[in-house]
Number of protein chains: 2
Amino acid sequence: MNVGIKDVARVAAVSPATVSRVLAGRPVDPDMRDRVMAAVHETGYRPNLAARRLRSRHTNTIGLIVADIRNPFFTAVSRTVEAIAYDRGLRVIFCNTDEDAAKEAMYLQLMQEERVTGVILAPTREGADRIAHVESDFPIVLIDRAAPNASCDSVVIDNAAMAAKLVVHLHRLGHRRIAGLFGTDTVTGRERCDGYGRAMEECGIPGQVVPVPHEREQAQRVITALLEDASRRPSALVVSNSVMLQSVLRVADALELEIPRDLALTSFDNEPWMEFVGGGLSVIEQPVEEIGRAAVTMLMDRLDHADCVTRRVVLAGRFIARGSGGRGAEA
Amino acid sequence: MNVGIKDVARVAAVSPATVSRVLAGRPVDPDMRDRVMAAVHETGYRPNLAARRLRSRHTNTIGLIVADIRNPFFTAVSRTVEAIAYDRGLRVIFCNTDEDAAKEAMYLQLMQEERVTGVILAPTREGADRIAHVESDFPIVLIDRAAPNASCDSVVIDNAAMAAKLVVHLHRLGHRRIAGLFGTDTVTGRERCDGYGRAMEECGIPGQVVPVPHEREQAQRVITALLEDASRRPSALVVSNSVMLQSVLRVADALELEIPRDLALTSFDNEPWMEFVGGGLSVIEQPVEEIGRAAVTMLMDRLDHADCVTRRVVLAGRFIARGSGGRGAEA
DNA sequence: CCTAGTAGGGAAAACGTTCTCTGTGGTTTT
DNA sequence: AAAACCACAGAGAACGTTTTCCCTACTAGG
């Protein structure tokens, strides 16, 4: 049998209500407060959060649902969200959907049952579409992947502009055959694809969009098909994220392509190891900490102003030029 | 106002107890079951987990506390634990301590307040020591870092043997000046260090142990000191994990050392990008999925057999030889 | 046909808190 | 000096479930 608030009250010779008040930091006579604190330490009392949540009707818990925890981008954002949330006395329920819309729906329902205060969500494509219509009991902040028409607050980076930046960079270096590799299932992929397409148009060169599935084996097959024929091979690639980039590197390695000599490479996301591959990869670094911080802040703010219009925070990425752009054939 | 079990009961014209029984899958008259299910759908009822946990006195929740979520090893293990746990109907409370013993203690207390079923923990060095003495209300399974004398179940890999394997590999390639870089704060680091030391002894060459702090800046300073003087530079390195490895790579890059020509490199952990650095890094791959699975299984088993003696699962790592061993000067 | 046993449903207690409401003692105001 | 007010403590309800206990109706065995 565990020690409860009544036991503490008995030891301190006060009422349970007073113990509760002391623990909540409400005004209580200093004498009593000391007696209560002493009793708490003496008994080793630990409040039962389930009971507290039931009675008080707020859980001080947020849900964090990401699509792929192996993607370092999400890892980094999660870490920030977790740190900030715990700092503010919020618990975090962490979920990983592995890009599975059914799992996502299941988790969203779980959040409902947990009566969470709010949710931070990086949705799958399907999920993003669904969210736009559904009304939930708690506020949701979308991160990284948010259709512009969403009915939720969101924190994103300017994907189109960033993709364009990569295209322009490659174009300046003299590349004319620049293929774009983008995820098939995410809003992010689509936005980056759009930015890529427009930038190619503005450069006056024909684009070549390659949709890449999330699953690794399939991804490598698609990429192999793109690169194996030397005569039709693009001279440069814009890659949508670091996971996809690893598939590209593996295929390039298998085909014995040297970077950037045989193939120039640019990508989203910035990981430490990218400094050491292909003479240093030129990438768009995403402001992962800011994204996490903005998401939590936005969520807290939404709780205070439930009826405020939906907001969209758009952050800029940072372009980091290293050597992997190489020189285009026509430079 | 949210819909509760009483509302469902009213709609289905049964008692709340019956609704509870239906939802729990206990034997109930088929007619009533149908009525209840219909009422559940009609009302959109979602059980309140806080109330359920309070009354039933089991939370079906496990805590997962890791020391550094940015370390892909922990990411991978976490992903497996999460997937398996949710499969078994368990919630996971995920926490990241950032190698901070105080944060770890705070989280452990939180677990107490959440009345979790059990905890899977990758402790800091301090934490590992403390755990050995403390008795908690819930079972704890230690992963990755577990002092052999711990009073908890644990899942680890055979760190000493694996470190020795790297030493032997390098020795066979002709290296004689092999430095070992290990974390200062973890049991794992110490074990790998021991294995390294013994293997060096057996090879009959003097060891050079370099303690590397977890914080990145400091780590790079230590590594720079080790590598900058060409005359005293070791010809090969055994590195304790992939995070530390990235610091090594950055320093090597800054000093313009080529791998493996100027410096042979071996490490623990296997990440996709390691294929493409230094002609492919030779590493020890840890069985991350098995570790996660074993941890959950062990925890569940401990719940059924509370008084069983403490067990220790030791898994083997897999050595993957690539090119980064190079050729030692004396080969 | 009667009794014992069983299966399943309803009423109400219980889980451990917080919250509301009431009471009391002291202080300020008139 | 009386009235009004304020600050704070205690009693007990309430949160939304599950569980316990009892009761009924049915089945099986004698």
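Residues numbered from 1 in each chain as written. Chains lettered and ligands numbered in written order. Predicted model: local features only at pLDDT ≥ 70, side-chain atom pairs only at ≥ 80, totals over all residues. Heavy atoms only, no water.

- Named according to an unreviewed UniProt entry, chain A is LacI family DNA-binding transcriptional regulator originating from Gluconacetobacter tumulicola.

1. Considerations on the sheet that holds strand 7 (residues 208–212) of chain A
Residue and element names in this part refer to chain A.
Then comes step 1: The sheet built from 6 strands is open, its strands ordered 7-6-8-9-10-12 with mixed pairing. In the strand order of this sheet, the two ends are held by strand 7 and strand 12 (318–320), each with one partner. When the angles between neighbouring strand axes are averaged without regard to direction, this sheet yields 15 degrees.
Then comes step 2: In this sheet, strand 8 (residues 236–239) lies alongside strand 6 (residues 178–183) in parallel orientation, the contact comprising 4 bridges. Paired with Ala179 across the strands is Leu237, a residue of strand 8.
Then comes step 3: Along the sheet, helix 9 (residues 187–203) makes contact with strand 6, strand 7, strand 8 and strand 9 (264–268), crossing strand 6 at roughly 165 degrees.
Then comes step 4: Running at roughly 160 degrees to strand 9, helix 11 (residues 242–254) makes contact with strand 6, strand 7, strand 8 and strand 9 of the sheet. (Pairing = 2+ DSSP bridges. Helix = DSSP H or I, 4+ residues; strand = E, 2+ residues; numbered from the N terminus. Axes fitted to C-alpha atoms, helices over the stretch in contact; angles between N-to-C directions. Contact = heavy atoms within 4.5 Å.)

2. Considering the pattern of salt bridges
Then comes step 1: Taken as a whole, this structure holds 32 salt bridges over all chains when the rule is applied.
Then comes step 2: The partner of Glu285(A) in a salt bridge is Arg318(A), and the shortest N-O contact between them spans 2.9 Å. Linking Glu285(A) in strand 10 (residues 282–285) with Arg318(A) in strand 12, this pair joins segments that are 33 residues apart in sequence.
Then comes step 3: Put simply, Arg261(B) and Glu258(B) hold a salt bridge, and the shortest N to O gap is 3.6 Å.
Then comes step 4: Of the residues examined, Arg261(B) reaches a relative accessible area of 60% and is grouped as exposed. (Salt bridge = Lys/Arg side-chain N within 4 Å of Asp/Glu carboxyl O. Buried < 20%, exposed > 50% of the residue type's maximum accessible area, 1.4 Å probe, protein only.)

3. Section: the protein's contact with DNA strand C
Then comes step 1: In the vicinity of DNA strand C, 27 residues are found, and the nearest of them are Ile5(A), Ser20(A), Thr18(B), Arg55(B) and Arg57(B).
Then comes step 2: Contact distances for DNA strand C include 2.7 Å between a base nitrogen and a side-chain N or O atom of Arg55(B).
Then comes step 3: Among the elements that line the surface near DNA strand C, the one with the most residues is helix 4 (residues 49–56) of chain A, at 4 residues.
Then comes step 4: For the surface near DNA strand C, the residue count by class is 12 nonpolar, 6 polar and 9 charged. (Near = heavy atom within 4 Å. Polar contact = N/O pair within 3.5 Å; in protein donor to acceptor, adjacent residues only side chain to side chain. Nonpolar A, V, L, I, M, F, W, Y, C, P; charged D, E, K, R; others polar.)

4. Thoughts on the environment of Ile284(A)
Residues and elements named next belong to chain A.
Then comes step 1: Here Ile284 shows up in strand 10.
Then comes step 2: C-alpha of Ile284 to C-alpha of Met162: the two residues are 122 residues apart in sequence and 6.9 Å apart in space.
Then comes step 3: Leaving out residues up to four positions away in the same chain, Ile284 has contacts with Met162, Lys165, Leu166, Ser267, Phe268, Asp269, Asn270, Gly317, Arg318 and Phe319.

5. Quick word on the nonpolar core
Then comes step 1: Ranked by internal contacts, the top residues of the largest apolar core, which has 127 residues, are Val119(A), Ile120(A), Ile143(A), Val155(A), Val119(B), Ile120(B) and Val155(B).
Then comes step 2: For Val119(A), the contacting residues outside a window of four places in its chain are Gly63(A), Ile65(A), Leu108(A), Met111(A), Phe138(A), Pro139(A), Ile140(A), Val141(A) and Leu299(A).
Then comes step 3: Counting 54 residues, the second-largest nonpolar core is a separate cluster that includes Leu237(A), Val239(A), Leu257(A) and Ile223(B). (Core = buried A, V, L, I, M, F, W, Y, C linked by side-chain atoms within 4.5 Å.)

6. Focus on the pairing of strand 6 of chain A
Then comes step 1: Across the 6 residues that make up strand 6 of chain A, a large majority, 5, are buried.
Then comes step 2: Traced from strand 6 of chain A through helix 9 of chain A to strand 7 of chain A, the parallel crossover comes out right-handed. (Right-handed = clockwise from strand over helix to strand, strands pointing away.)

7. Details of the confidence of the model for chain A
Then comes step 1: Model confidence for chain A is summarised by a mean pLDDT of 93, while 98% of its residues fall at 70 or above.
Then comes step 2: Mean pLDDT values for the elements of chain A range from 83 in helix 7 (residues 125–133) of chain A up to 97 in helix 4 of chain A. (pLDDT = per-residue confidence, 0-100.)

8. Regarding the relation of the copies chain A and chain B
Then comes step 1: Each copy superposes on the other: chain A lies on chain B with an RMSD of 0.1 Å after a rotation of 180 degrees and an axial shift of 0.0 Å. The transformation relating the two chain copies, once decomposed into turn and shift, fits a two-fold axis. It is Ala50(A) whose C-alpha, among those of chain A, lies nearest the rotation axis, at 2.4 Å.
Then comes step 2: In this assembly, 95% of the residues forming the interface of chain A have copies in chain B that are likewise at the interface, indicating an isologous arrangement. (Least-squares fit on C-alpha atoms with pLDDT ≥ 70 in both.)

9. A word on unusual backbone geometry
Residues and elements named next belong to chain A.
Then comes step 1: In this structure, the amide linkage connecting Ile259 to the following residue, Pro260, adopts the cis form with an omega of 5 degrees.
Then comes step 2: Position of Pro260 relative to the elements: it lies in the loop between helix 11 and strand 9.
Then comes step 3: We note that Arg57 has phi near 65 degrees; this positive angle belongs to a residue other than glycine.
Then comes step 4: Of note, Arg57 is situated in the loop between helix 4 and strand 1 (61–66).
Then comes step 5: Taking the relative accessible area as the measure of exposure, Arg57 reaches 65% and is therefore exposed.

10. A short note on the pairing of strand 1 of chain A
Residues and elements named next belong to chain A.
Then comes step 1: Among the 6 residues in strand 1, 6 count as buried, and that is most of the element.
Then comes step 2: Burial along strand 1 is two-sided: the face carrying Thr61, Gly63 and Ile65 and the face carrying Ile62, Leu64 and Val66 are both buried.
Then comes step 3: The β-α-β motif built from strand 1, the intervening helix 5 (residues 72–87) and the parallel element strand 2 (residues 91–96) has right-handed crossover chirality.
Then comes step 4: The pairing of strand 1 with strand 3 (residues 118–121) spans 4 bridges and is parallel. Considered in strand 3, the bridge of Gly63 is made with Val119.

11. Observations regarding the UniProt feature "domain: HTH lacI-type" (unreviewed entry) in chain A
Then comes step 1: Within the UniProt annotation, "domain: HTH lacI-type" (unreviewed entry) is assigned to residues 3–56 of chain A.
Then comes step 2: In this annotation, residues 3–56 of chain A is assigned 72% helix and 0% strand; the end-to-end C-alpha distance for the span is 20 Å. (UniProt positions renumbered as here; feature names shortened; annotations may be inferred.)

12. Considering the protein's contact with DNA strand D
Then comes step 1: Near DNA strand D, the surroundings consist of 28 residues, among which Thr18(A), Arg21(A), Arg57(A), Ile5(B) and Ser20(B) are the closest.
Then comes step 2: Restricting the count to atoms of DNA strand D within 4 Å of the protein gives a sugar and phosphate share of 64%.
Then comes step 3: The contact in question runs from a phosphate oxygen of DNA strand D to an N or O atom on the backbone of Ser15(A), over 3.0 Å.
Then comes step 4: Here a phosphate oxygen of DNA strand D and a backbone polar atom of Asn48(B) are 3.4 Å apart.
Then comes step 5: Elements with a contribution of two residues or more to the surface near DNA strand D: helix 2 (16–24) and helix 4 of chain A together with helix 1 (5–12), helix 2 (16–24) and helix 4 (49–56) of chain B.
Then comes step 6: If you tally residues by element for the surface near DNA strand D, the top one is helix 4 of chain B, at 4 residues.
Then comes step 7: Broken down by class, the residue content of the surface near DNA strand D amounts to 12 nonpolar, 6 polar and 10 charged.

13. Quick word on helix 10 (residues 216–227) of chain A
Residues and elements named next belong to chain A.
Then comes step 1: The first and last C-alpha atoms of helix 10 sit 16 Å apart over 12 residues, in line with the 16 Å expected at 1.5 Å per residue.
Then comes step 2: When helix 10 is considered as a whole, its buried residues turn out to be Ala219, Gln220, Ile223, Leu226 and Leu227. Along helix 10, the residues classed as buried sweep out an arc of 120 degrees about the axis, all on the same side. Of the exposed residues in helix 10, the ones pointing more than 90 degrees away from its buried face are Glu217 and Arg221. (Expected span 1.5 Å × (residues − 1). Arc of directions from axis to C-beta.)

14. Comments concerning the sheet that holds strand 10 (residues 282–285) of chain B
Residue and element names in this part refer to chain B.
Then comes step 1: The sheet built from 6 strands is open, its strands ordered 7-6-8-9-10-12 with mixed pairing. Each having just a single partner strand, strand 7 (208–212) and strand 12 (318–320) make up the two edges of the open sheet. Between one strand and the next, the sheet's axes are offset by a mean angle of 15 degrees, whatever the strand orientation.
Then comes step 2: Most of the contacts of helix 11 (residues 242–254) go to strand 9 (residues 264–268), to which it runs at about 160 degrees, and overall it touches strand 6 (178–183), strand 7, strand 8 (236–239) and strand 9.

15. A short note on the side chain of Asp68(B)
All names here are of chain B.
Then comes step 1: Among the structural elements, Asp68 can be located in the loop between strand 1 (61–66) and helix 5 (72–87).
Then comes step 2: For Asp68, a relative accessible area of 4% corresponds to the buried category.
Then comes step 3: A distance of 3.4 Å separates polar atoms of two side chains, one belonging to Asp68 and the other to His214.

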